[in-house]
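Examination of the molecular architecture
Given next are the chains, with one letter for each unit.
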Amino acid sequence: MSSTKNQINEQDRKFRHALELAIEGGVLINCPYHEGFIYRGNEQIESAYKLANSKWASGKINHDHFETRNEMTDCIKTVVSEYGLYSCNQCRDLINK
Ligand SMILES: [Zn+2]
């Protein structure tokens with residue numbers, strides 16, 4: 001029971017790191033007006049991979065964050081694929097009002 005819970009937490013933690021990398025790479029954008037609303041930026045996913053790989057190479061990201069480099073890029077891919085919109089839903093609603 002508790003091991004299942006730990007696995008979920010572990011997965012959550014990895015996705016959070018992946019999300020941070022995607023945002024830092026400009027692939028995803030955190031709406032400056034609406035906290036927690038995330039949408040696609042102009043950068044291609046390769047930008048996040050590049051950033052992540054250079055952090056991995058310099059040791060800023062290591063096995064504490066992800067088990068392997070491949071796992072890291074897989075997580076980034078999964079996270080980014082969850083966001084299909086190119087603008088914040090909330091902002092768009094405001095404009096359309
Ligand atoms: Zn917004």
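Because the structure is a prediction, the values reported are computed rather than measured.

Here we take up the coordination of the zinc ion. Looking at the metal site, the zinc ion is ligated by Cys31 (SG), His34 (ND1), Cys88 (SG) and Cys91 (SG), spaced 2.0 to 2.4 Å from it. In terms of primary sequence, the donors binding the zinc ion are separated according to C-x2-H-x53-C-x2-C. Here histidine 34, found in the loop between β1 (28–30) and β2 (38–40), pairs with cysteine 88, found in the loop between α3 (69–81) and α4 (89–96); they are 54 residues apart in sequence, far enough to count as distant.

Once that is clear, we can look at the nonpolar core. Among the nonpolar cores identified, the biggest contains 19 residues, and Leu21, Leu28, Phe66, Met72, Ile76 and Val80 are the most heavily contacted of them. Going through the elements one at a time, α1 (2–24), α2 (45–58) and α3 are the ones with two or more residues in this core. Residue contacts for leucine 28: discarding those within four places in its chain leaves Leu19, Ala22, Ile23, Ile38, Tyr39, Arg40, Gly41, Val79, Val80 and Tyr83.

Our next topic: the pattern of salt bridges. Applying the stated criterion across every chain yields a total of 4 salt bridges. Linking glutamate 10 and arginine 13 is a salt bridge whose minimum nitrogen-to-oxygen distance equals 3.1 Å. Here glutamate 10 pairs with arginine 13, and both are found in helix α1, just 3 residues apart, close to one helical turn. Measuring nitrogen to oxygen at the nearest pair gives 3.1 Å for the salt bridge that ties lysine 55 to glutamate 24. Here glutamate 24 lies in helix α1 and lysine 55 lies in helix α2, a separation of 31 residues in the sequence. By sharing partners, the salt bridges in this structure join Lys14, Glu67 and Glu71 into a single network.

Rules of the game
- Residues numbered from 1 in each chain as written.
- Predicted model: local features only at pLDDT ≥ 70, side-chain atom pairs only at ≥ 80, totals over all residues.
- Heavy atoms only, no water.
- Donors = N, O, S within 2.8 Å, 3.2 Å for Na, K, Ca; no water.
- Helix = DSSP H or I, 4+ residues; strand = E, 2+ residues; numbered from the N terminus.
- Core = buried A, V, L, I, M, F, W, Y, C linked by side-chain atoms within 4.5 Å.
- Buried < 20%, exposed > 50% of the residue type's maximum accessible area, 1.4 Å probe, protein only.
- Contact = heavy atoms within 4.5 Å.
- Salt bridge = Lys/Arg side-chain N within 4 Å of Asp/Glu carboxyl O.

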